[in-house]
Amino acid sequence: MIQWWQILLLTLYAAYQILDELGPYTSAGQAVFAGLIAGLVMGDLKTGLHIGGMMQLTVLGVGTFGGASRIDANSGTVLATAFAVSQGMDPEQAIGLIAVPVAALMVYTDILGRFANTFWGHRCDADVEKMDWSAYNRHYLLGGLSWSLSRALPVFLALAFGGELVASITSALNGDLAWIGRGLTVAGGALPAVGFAILLRYLPVKKHTAFLLLGFAITALFGTAFANIGTLGGDVAALGIAAGLEGVPSGMYNSLSMLTIAVIGLAVSILYYNNNQARPAVAATAQDGDDDDEL
Amino acid sequence: MTMTSSKKLPNGTTGYKLQPEDFAQINRRNLAAFQVGWNYERMQHTGYLWIILPQLRKIYGDGTPELKQMAKLHCGPFFNTSNFLNTIITGIDLAIEEQDGVESSEAVASLKTGLMGPFASIGDSIFGSLLPTIFGALAANMAIQGNPLGILIWVIANIVVDWFRCKQTHIAYEQGMKLVTTMSDKLNAITDAAAVMGVFMVGALVATNVNITFAWVPDIGGVTVNFQNIFNMIMPRLVPACLVGFVYWLLGKKGMTSTKAIFIVLFLSIALGALGIIAKG
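The structure presented is a predicted model; accordingly, all values stated were derived computationally and were not measured.

**Q** Can you break down the overall build of chain B residue by residue, with the values?
**A** Across its full length, chain B holds ten helices and four strands. If you list the helices and strands of chain B from N to C, you get α-α-α-α-α-α-α-β-β-β-α-α-α-β. A compact globule built from 281 residues would reach a C-alpha radius of gyration of about 19 Å, whereas chain B, at 27 Å, exceeds it by more than 25%. Expressed as lengths along the three principal axes of its C-alpha atoms, the size of chain B is roughly 100 × 35 × 35 Å. Looking at chain B residue by residue over its 281 residues, the buried ones come to 54%.

Written as C-alpha cells, this is what we have:
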C-alpha cells in the first residue's frame, strides 16, 4: 500500500518538477532526480535510482527543441518507482510496463497544459491594454498552475487509484504471464539504446565519428576487463573460503568508473578545443586525425 | 492618469538608469518563472515582458502612454528563444530602451526577432542537449549502480550554469551588440569542442548501458553454436552497438518519432526476450 503522505509528497514533487525544468533548471526536473525523490519517499532508494537512471538514459536525447512536447519520463519514473516498491514489482519490468507507457501518455496532458496557457496569454494582453500590472502578474503566474496541474493531477489519480490494477498485473506477471515478464526485463536492458540513438541524430556524428569509436572502444575494453576482474576476484575468494584458507581477498572490486571515462572524454575535448584555437583557419575535418595521434 | 513625479525627456523616458538591484530583480524573475506563461500561440511573449516589467515601469513612468506602447511591443508578438540565453537579448534591449525610449521601438522589435532564432539553436544544442548528455549520463550511470552522487554533480553543474545566466544580463547591457559578435566565434568553438565530448560519451554509454546479449544457442547438426561467444571474440559489446545502429537507422525513416522508436524497441524486446532469442546481460 502507498501511504497518503507518500501520495501527497509525490504529487507535490510532480507539480514542482516541471516548474524547475522551466525556470531554475537545477536538474530536479530530470528523470534520475525523480527516481531519487520517489525512492526516498517510498523508502527504497536503490529501486528509485535504478528506474530513474534507466529512464534518464532512455530519454537522454529527447530535449525540448523549439517547444515540442516530449515524453514525460519524470512522471513515468515516479509512478513506476511507487508501484514497484509498493506492489513488489520487479524494477526492470516496471520500466517497460509502467514508466514508458505513462511517460508517453503524459504527452497529452503536457499539450493540454500548453493550450490552457494560451488562455492566460490572452488575459495578459488585455491587462497590458488596461495597464493593470497586478492583474498581469496574477494571470502570468497562473500559467504555472496549468503546467503543475498537467503533471500533478494524473500522477495523483494514478497513485490514488492505480494500486489494485498494478497489483493484479504484478501477480499475473509472476504467474501465467511470466514470459511477458521475461521480455519486459530484456526491454529494460534495451531501451537506453533509443536514448543514445536519438542523441546521435542530434549530435554532429559524421564530423566526429572518430570520437564516437574511441569512446565506445575504450569503454568496451575497460568495461569487460573490470567485469572479468570482478568475477575472477569473486571466484578466487570463493575458492579460498572453500579451501579453508585464512586472509582470502574480500572480493571488493569496483566496477568501471564512468566518471573516469568522462575525464578521458573531457581531455580529448580540451585537446580538440586547443587545436581549434591554435589554427582557426584549418578545416575542422582535418583536425580529427591530429587529435587521435595526440591521445 | 496620475503622472507620478517623473519629468519626461523628449524620448519618452524618465531618464532612469538601471541599478544593480534592477538586474538582481530581472535575474530573480528570470530564474524563477521566465517560462511559466509558455503557450502554443506566442510561446514566451508574456514571459519576456514579465521579467522586465518593473524596469520598464521605472524607465517610462507608471501609467504613461509610452509604457503601454512598449509593453504591448513586448507582450504582443511571438517570442521564443533559449531560456538559457534569453537575458542576453533582455540586457541589450534594456540598454537601448533606456537610451532612446519609445524611439527605439523598431530597433528593439527587430533585435528580438533577429536574435531569438540564433540564440535558440545555440542554447538548445549546448544547454538542452550537450550538458544533459554529459551530466545526465553520468548521473544516470551512477544511479543505476545505486549511487546518488552523480545527481549532486549535475545539480552543481546547473548552479554554475544559473550563475552564468545571471551574469550575462549585465554583460549584455554593458556591451550591447558588440557582445554578440565577439561571442559567436567563441561559442562556436566551445559548442564544437563540447560536441566532441558529447559524441565520445555516447560511445562510452553504448558500451556500458545497453545490456542485451544473444541468448539463442541453436543446435546445428549436433554442434551447439553459441553466438554470444563468437560475438565476444569479434568485439565485446557488439550486440549493443548493433542495436543502437538499428535504432539510429530507424529514426532516419520518414514519419518516425522518438516515442514510436521507444515503443518499437519495447515490443521487439518483449517478443525476442519471450522467445529466448535475446536476454538481458
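**Q** Lay out helix 7 (residues 177-209) of chain B in plain terms, naming residues and giving numbers.
**A** Helix length check: helix 7 of chain B (33 residues) gives 44 Å between terminal C-alpha atoms against 48 Å at 1.5 Å per residue, within 8%. The largest bend in helix 7 of chain B comes to about 35 degrees, at Met183(B).

**Q** How would you explain the domain arrangement of chain B if you had to name every residue and give the values?
**A** When its domains are assigned, chain B resolves into domain 1 (20-115), domain 2 (117-207) and domain 3 (211-280). Each of domain 2 of chain B and domain 3 of chain B has a C-alpha centre, and these two points are 33 Å apart.

**Q** Which residues make up unusual backbone geometry, and what are the values?
**A** One non-glycine residue with positive phi stands out, namely Ser27(A), at about 90 degrees. Here Ser27(A) shows up in the loop between helix 1 (4-22) and helix 2 (31-42). Taking the relative accessible area as the measure of exposure, Ser27(A) reaches 2% and is therefore buried. Non-glycine residue Met43(B) carries a positive phi angle of around 55 degrees. Overall, Met43(B) belongs to the buried group, its relative accessible area being 13%.

**Q** Lay out a nonpolar patch on the surface with the relevant residues and their values.
**A** Residues and elements named next belong to chain A. A cluster of nonpolar side chains, namely Leu145, Leu149, Leu153, Phe156, Leu157 and Phe161, defines an oily patch on the protein surface of about 600 Å² accessible area. As for its position among the elements, Leu153 is in helix 6 (residues 133-161). Residue classification places Leu153 among the partly exposed positions, given a relative accessible area of 47%.

**Q** A description of the nonpolar core should follow, citing residues and the corresponding values.
**A** Judged by nonpolar contacts, the single largest core of 109 residues is most densely connected at Met55(A) and Phe196(A). Ranked by the residues each element gives to this core, the list is headed by helix 7 of chain B, at 13 residues. When near neighbours in sequence (up to four residues on either side) are disregarded, Met55(A) contacts Ala31(A), Ala73(A), Thr77(A), Ile95(A), Ala99(A), Val100(A) and Ala103(A). Of all hydrophobic cores here, the second largest spans 48 residues; its members include Tyr136(A), Val36(B), Leu67(B) and Val102(B).

**Q** Go over the confidence of the model for chain A, please, and point to the residues and values.
**A** Residue and element names in this part refer to chain A. Across chain A, pLDDT averages 86, with 90% of residues at or above 70. Looking at the elements of chain A, mean pLDDT is at its lowest for helix 12 (residues 284-294), recorded as 40, and at its highest for helix 2, recorded as 97. Long-range and interchain partners of residues 281-295, a stretch whose pLDDT sits below 50, account for 24 contacts in this model, where long-range means more than four residues apart.

**Q** Can you tell me about the interface of chain A and chain B, naming the residues and giving the values?
**A** Accessible area lost on assembly of the parts is the figure often given for the size of an interface. Counting residues at the interface gives 101 residues for chain A and 107 residues for chain B. Carbon and sulfur atoms make up 74% of the area that chain A and chain B hide from each other, which totals about 8,900 Å². Counting every contact that joins chain A to chain B gives five salt bridges. A salt bridge links Glu92(A) to Lys280(B); the shortest N-O distance between them is 3.6 Å. Scanning the region where chain A abuts chain B turns up 20 residue pairs in polar contact (both at pLDDT 80 or more). At 16 residues, helix 5 (residues 91-130) of chain A tops the list of elements feeding residues into the side of chain A that touches chain B. The residue inventory of the side of chain A that touches chain B, partitioned by class, reads 60 nonpolar, 32 polar and nine charged.

Rules used throughout
Residue positions are counted from 1 within each chain, in the order its sequence is given. To read the labels, note that chains go from A and ligands from 1, taken in the order they are written. In keeping with the predicted nature of the model, local features appear solely for residues at pLDDT of at least 70, side-chain atom pairs appear and are counted solely at 80 or more, and the whole-chain, interface and lining totals rest on all residues. For side-chain calculations, the full set of non-hydrogen atoms in the structure is used, while hydrogens and water are omitted. A run of DSSP states H or I qualifies as a helix once it reaches four residues; a run of E qualifies as a strand once it reaches two. Both are numbered from the N-terminal end. We compute the radius of gyration over the C-alpha atoms and compare it with the globule rule, which gives 2.2 Å times the number of residues raised to the power 0.38. Exposed residues in this analysis have more than 50% of their type's maximum accessible area, buried residues have under 20%, and partly exposed residues fall in between, with area computed by a 1.4 Å probe over protein chains only. Helix span, as expected, comes to 1.5 Å for every residue beyond the first. Throughout, the bend at a residue refers to the angle made by two axes, fitted to the seven residues ending there and to the seven starting there. Boundaries between domains were set according to an automatic or database domain assignment. Only residues whose relative accessible area exceeds 30% and that form no salt bridge enter a patch; like-charged residues are grouped when within 9 Å of one another, and nonpolar side chains (Val, Leu, Ile, Met, Phe, Trp, Tyr) when within 5 Å. Accessible surface is estimated by sampling points in the Shrake-Rupley manner with a 1.4 Å probe; for residues, cover comes only from the protein chains shown. Any Lys or Arg side-chain nitrogen found within 4 Å of a carboxyl oxygen on Asp or Glu counts as a salt bridge. To qualify as a nonpolar core, a set must consist of buried Ala, Val, Leu, Ile, Met, Phe, Trp, Tyr and Cys residues joined through side-chain atoms within 4.5 Å. Here, two residues are considered to be in contact whenever any of their heavy atoms come within 4.5 Å of each other. pLDDT measures the predictor's confidence residue by residue and takes values from 0 up to 100. Buried area: the sum, over both parts, of the accessible surface (1.4 Å probe) that disappears when the two are put together. Pairs of N or O atoms within 3.5 Å make up the polar contacts considered here, provided that, within protein, one atom can donate a hydrogen while the other can accept it, and that residues adjacent in sequence are counted only when both atoms are side-chain atoms. Under the grouping applied here, Gly and all other residues not named as nonpolar or charged are polar, the nonpolar ones being Ala, Val, Leu, Ile, Met, Phe, Trp, Tyr, Cys and Pro and the charged ones Asp, Glu, Lys and Arg.

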